[in-house]
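Architecture at a glance
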Amino acid sequence: MRFLVKATMPVEAGNAFVRDPNFEKLTEEILAEVKPEAVYFALEGGQRTLYFVVNVGETHQIPGIAEPLWLSLKASVEFIPALDQAEFARAVPAIQRAASKF
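Quick look at the structure, then. Values in this document were obtained by computation on a predicted structure and should not be read as measured data. (Residues numbered from 1 in each chain as written. Predicted model: local features only at pLDDT ≥ 70, side-chain atom pairs only at ≥ 80, totals over all residues. Heavy atoms only, no water.)

**Considerations on the nonpolar core**
Of all hydrophobic cores here, the largest spans 17 residues; its most connected members are V5, V34, F52, V54, L69 and L73. No other element matches helix 3 (residues 62-73), which puts four residues into this core. If sequence neighbours within four positions are ignored, F52 has contacts with F3, L4, V5, A7, L31, V34, P36, A38, V39 and L69. (Core = buried A, V, L, I, M, F, W, Y, C linked by side-chain atoms within 4.5 Å. Buried < 20%, exposed > 50% of the residue type's maximum accessible area, 1.4 Å probe, protein only. Helix = DSSP H or I, 4+ residues; strand = E, 2+ residues; numbered from the N terminus. Contact = heavy atoms within 4.5 Å.)

Here it is, written out as structure tokens:
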């Protein structure tokens, strides 16, 4: 299952992270551990925020994605289920059934 993972760093933790002389190496290590299909660096609510697109085969893989973000970035982490266009197309019949029933 594909998820959009949002990791938001508190300002002070983010400041400490980017000031670390090993910042670039740590970033690469986190990405190697999380193995995202895509990653985006953003600013949300005044805080450094990363968005990852990850494919999770089984739920037991979720902690392996979240822990590096919690431990190294002190980030709050959200997992948002996401469908690509083909997956959404397969969901259309269920959406239409629900729309006609409710």
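**Focus: a nonpolar patch on the surface**
On the surface, a nonpolar cluster with roughly 300 Å² of combined accessible area is contributed by L83, F88 and I95. When its relative accessible area of 42% is taken as the criterion, I95 is described as partly exposed. (Patch = residues over 30% accessible without salt bridge, like charges linked within 9 Å, V, L, I, M, F, W, Y side chains within 5 Å. Areas by Shrake-Rupley, 256 points an atom, 1.4 Å probe, with all protein chains shown as cover. Salt bridge = Lys/Arg side-chain N within 4 Å of Asp/Glu carboxyl O.)

**Digging into the pairing of strand 1 (residues 2-8)**
Counting buried positions along strand 1 yields six of seven residues, so the element is predominantly enclosed. Bridge count for strand 1 against strand 3 (residues 47-55) is seven bridges, and the pairing is antiparallel. Bridge assignment links T8 to a residue of strand 3, and that residue is T49. Bridge analysis of strand 1 against strand 4 (residues 76-81) gives six bridges, and the strand direction is antiparallel. Residue pairing in the sheet places F3 in a bridge with P81 of strand 4. (Pairing = 2+ DSSP bridges.)

**Considering the environment of F3**
Here F3 shows up in strand 1. Distance from F3 to P93, taken between C-alpha atoms, is 22 Å for residues 90 residues apart in sequence. Residue contacts for F3: discarding those within four places in its chain leaves F52, V53, V54, V56, F79, I80, P81 and A82.

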